[in-house]
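# Report on the structure
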Amino acid sequence: MLFDKIKNELKSENPVNYNKFIKNLEFDEDASDSARLVIKAPNIYIANYVKRKYSKKIAELYKKETGLEASIEITTKEIKPKKLEEYEEIISTPSVLIPEYTFESFITGPSNQFAYSAAKSVAENPGKSYNPLFIYGGVGLGKTHLIQAIGNYLKNKLKVIYVTSEQFMNEFRENVRNHTMDRFHEKYRNCDVLLIDDVQFFAQKEQTQEEFFHTFNELYNQKKQICLTADRPPKKLHDLVDRLRNRFEAGLIADIQPPELETKIEIIRKKCEINGIYLPDDVIEFIATKLDSNIREIEGMIVKLHALAKLLGVNEITIDFAKQALKEHIKDKKENITLENIIELIAKEFNIKPSEITSKSRNQNIVAARRTAIYLAREFTKESTPSIAKYFGLKDHSAVSHSIKAFNKKLKEDNEFRMKIEELKNKILIRKGE
Ligand code: ADP
Ligand code: MG
C-alpha cells in the first residue's frame, strides 16, 4: 500500500524516530482523497510531533510516488482529557487497583530501575523470586504505581489484595468491634498476593501489627507473595515491632530515588500522552527542570496547565504561558543558591569552619566536606568549573571535573552515601525556599 511505502521510506531515514512516532500511524482511507491524506496517530503527543516534523516530508514522498500534491492532516483517536476532579481522585492514594498503573506505563531510569526490575520479577514469579518485596522512597516517586503494577499483572490469574496500611488497620478494628475476626482471617489468609501500601502508618498500632505478623507468617509459609511499600527503609520504621521489621528486612529491599532530568522528561511525556494533553518539548523540559521531583505534583501541574489554556482559549502552550500559570510552584532554585550558602551548610554538617573548606588541609573530614561542597556547587550554582576551582583552591577546572566524577561514582555505588547526599540537597533547597 502507498502509505506503507511512505512509512518504509521514513523508517530507513531514521529507525529510532520511526519506532517512536511513525510505526503506529494509520492511514484513514475513508477520510482521505487524492488531494488530502488523513493520518491517524495513536495519541495527541505523537500527532503533534508528526504534524510538526513530518507533514512536509510525507507530502513530498506522496508526490514522489504519485505525482500529486496533497495536504496532510494528522488526527488522533479522540481521547477525552480527564477532568480535574476525576484526576484528583486518582492521584491521591487509591483504595483499589488502578488499571493504568502497569509496568508498561512506568518509565524507568537509573533512579528506579532496580525497584522496577524487582517488581517485575516478583510479578513474573510470585512467591518464588523475592519474598517479601519491600519498596521504599519519597512521596510521589512511583511506589504505589509499582506495587499496583504487580497487582494488575497478576489479578486475572491469582487472588490479589491491595490495601493501604490504613485500610488494613481500619478493617481490622471494625472486625474486632463486630466480633467478625474469622471473616478478616478468611480474607487475608486466603489470598495469593498481598500488597500493602505505605506501611509506615503501621506505626504504634501494636495490636494490628501483631495481627499482621501472623498473617504475614501464614502467607509466607504458604509461599504466597507479599509486597510492601513505605517512605523509608525497614530499619528506619522505628515504631514497628522488632519481629515485624525483621520479617520486612528478610526479603528484597529496593529503593526509588528522585528521577534524573531525562527520566523526568520521559515521565512527563508519558503522562501527557495518557491524559491526552499536548505540550511542546521546550515546555516539557521547562517543567522538568523547574518543578520538584514529586511526579504526582508534576502531573497535577500538567493538568492545571492544560485546563487553564482551555479556559483562556490559548491554543499553544508556550514557556511564558507555563511560567505565568505555574508561578507559585516554581522556585528558581538554581538561580539564587550561592557558593557561600553551600559552604555555610557544609561547614555546619561536617562540623568544621567555613574557611577550612576552602583551605589546603588534607584532613580526611575536611577533604570529604570540600568534595561534597564542590559537587553541590556544580549542581546548584551557575558557577563554571574554572571559577569553582579558584574558589576552592583547586589547581584548575579539570581537578574539579575529576573530583565530581569520583563523587558521582561513589553516589552510584554507595546507597547509604547517596541517601545522605540527597538529604543534604534537600536541606539546601528547603533553606532557600524559606
Ligand atoms: P508514591 O506512591 O511513591 O507516593 P505514586 O506511585 O502514587 O507515588 O506516583 C505518583 C504519580 O506519579 C502516579 O500517577 C504515577 O503514575 C506517577 N509516576 C511516578 N513514577 C513514575 C514513573 N517512573 N513512570 C510513570 N509514572 C510515574
Ligand atoms: Mg503511594
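Only a predicted model underlies this, so the values are computations on that prediction, with no experimental measurement involved.

A word on the overall build of the chain. Each helix and strand counted, the chain has 21 helices and eight strands in total. The principal-axis extents of the C-alpha atoms in the chain amount to approximately 75 × 70 × 40 Å. Among the 434 residues that make up the chain, the fraction classed as buried is 32%. Sequence separation of 24 or more characterises 71% of the internal contacts of the chain that already satisfy a separation of 6 or more.

Time to look at the packing of helix 11 (residues 261-275) against helix 12 (residues 281-290). Where helix 11 contacts helix 12, the two axes come as close as 9 Å, and the packing angle between them is 125°. Between helix 11 and helix 12, the crossing angle belongs to the class labelled oblique. As helix 11 packs across helix 12, the resulting crossing turns out to be right-handed. Residues Leu261, Lys264, Ile265, Ile268 and Arg269 of helix 11 touch helix 12, and the partners they reach there are Ile284, Glu285, Ile287, Ala288 and Thr289. By residue class, the composition of the contact of helix 11 with helix 12 is six nonpolar, one polar and three charged.

Turning next to the nonpolar core. Val50, Ala119, Ile135, Ile150, Leu195 and Ile287 are the most contacted members of the largest nonpolar core, which totals 79 residues. With eight residues, the single largest contributor to this core is helix 3 (residues 44-66). Judged by nonpolar contacts, the second largest core, of 19 residues, contains Leu376, Ala389, Tyr391 and Phe392.

Right, let's get into the site of ligand 1. In the region of ligand 1, 19 residues are neighbours, and Gly142, Lys143, Thr144, His145 and Ile295 sit closest. Among the elements of the structure, helix 6 (143-154), helix 11 and helix 13 (295-311) are those that each provide at least two residues to the shell around ligand 1. By residue class, the composition of the shell around ligand 1 is eight nonpolar, seven polar and four charged.

Ordered by their spatial adjacency, five strands build an open sheet running 5-6-7-4-8, and the pairing between neighbours is parallel. The sheet is open, and its two edges are formed by strand 5 (160-164) and strand 8 (252-256), each paired on a single side. Along the sheet, successive strands turn relative to each other by an average axial angle of 15°, direction set aside. Bridging between strand 5 and strand 6 (residues 193-197) involves five bridges; their strand directions are parallel. The partner of Ile161 across the bridge, within strand 6, is Leu194.

Right, let's talk about unusual backbone geometry for a bit. Cis geometry marks the peptide bond from Asn131 to Pro132, where omega comes out at -10°. Along the chain, Pro132 falls in the loop between helix 5 (113-124) and strand 4 (133-137). With a phi angle near 55°, His179 is a residue other than glycine that sits in the positive phi range. Position of His179 relative to the elements: it lies in the loop between helix 7 (165-177) and helix 8 (181-189). Of note in this structure, Asn351 is not a glycine but carries a positive phi near 60°. Turning to its location among the elements, Asn351 is positioned in the loop between helix 16 (339-350) and helix 17 (354-357).

Right, let's get into the confidence of the model for the chain. Of the residues in the chain, 93% reach a pLDDT of 70 or more, and the chain-wide mean stands at 87. In the model, residues 79-91 has pLDDT below 50 throughout and makes 17 contacts with residues more than four positions away in sequence or in other chains.

Let us look at helix 16. Taking 1.5 Å per residue as the helical rise, helix 16 with its 12 residues ought to reach 16 Å, and the 16 Å between its terminal C-alpha atoms agrees with that figure. Of all the residues in helix 16, the buried ones are Leu339, Ile342, Ile343 and Ile346. Angular distribution of buried residues about the axis of helix 16 spans 95°; they occupy a single face of the element. Every exposed residue of helix 16 that faces more than 90 degrees away from the buried side is listed here: Glu340 and Lys348. Phi turns positive, to about 60°, at Asn351, one or two residues after helix 16.

Sheet strands pair by backbone hydrogen bonding; their relative direction is either parallel or antiparallel. Spatial strand order, 1-2-3: three strands in an open sheet with mixed pairing. The sheet is open, and its two borders are formed by strand 1 (26-27) and strand 3 (71-76), each paired with just one other strand. Across six bridges, strand 2 (residues 36-41) lies against strand 3 in parallel orientation. Bridging from a neighbouring strand, Ala41 pairs with Thr76 of strand 3.

Turning our eyes to something else, we now look at the packing of helix 9 (residues 206-221) against helix 10 (residues 242-249). For the pair helix 9 and helix 10, interaxial distance at closest approach is 10 Å and the crossing angle is 40°. Relative to helix 10, the element helix 9 is oriented oblique. Considering how the two elements wind past one another, helix 9 and helix 10 form a crossing that is left-handed. Counting all contacts with helix 9, which are made through Gln209, Phe212, Phe213 and Phe216, the residues of helix 10 involved are Arg243, Leu244 and Arg247. In terms of residue class, the contact of helix 9 with helix 10 is made up of four nonpolar, one polar and two charged.

A separate point is the environment of Lys143. Summarising the element assignment, Lys143 is placed in helix 6. By the C-beta count within 10 Å, which is 26 here, Lys143 ends up buried. The sequence separation of Lys143 and Thr229 amounts to 86 residues, and the corresponding C-alpha distance is 6.5 Å. Discounting chain neighbours no more than four positions away, the residues touching Lys143 are Ile135, Gly137, Thr229 and Ile256.

Cut-offs applied
- Residues numbered from 1 in each chain as written.
- Chains lettered and ligands numbered in written order.
- Predicted model: local features only at pLDDT ≥ 70, side-chain atom pairs only at ≥ 80, totals over all residues.
- Helix = DSSP H or I, 4+ residues; strand = E, 2+ residues; numbered from the N terminus.
- Buried ≥ 20, exposed ≤ 12 C-beta atoms within 10 Å, placed from the backbone.
- Contact = placed C-beta atoms within 7 Å.
- Axes fitted to C-alpha atoms, helices over the stretch in contact; angles between N-to-C directions.
- Parallel < 35°, antiparallel > 145°, perpendicular 65-115°, else oblique.
- Left-handed = near helix turned anticlockwise from the far one by under 90°.
- Nonpolar A, V, L, I, M, F, W, Y, C, P; charged D, E, K, R; others polar.
- Core = buried A, V, L, I, M, F, W, Y, C linked by C-beta atoms within 7 Å.
- Near = placed C-beta within 6 Å.
- Pairing = 2+ DSSP bridges.
- pLDDT = per-residue confidence, 0-100.
- Expected span 1.5 Å × (residues − 1).
- Arc of directions from axis to C-beta.

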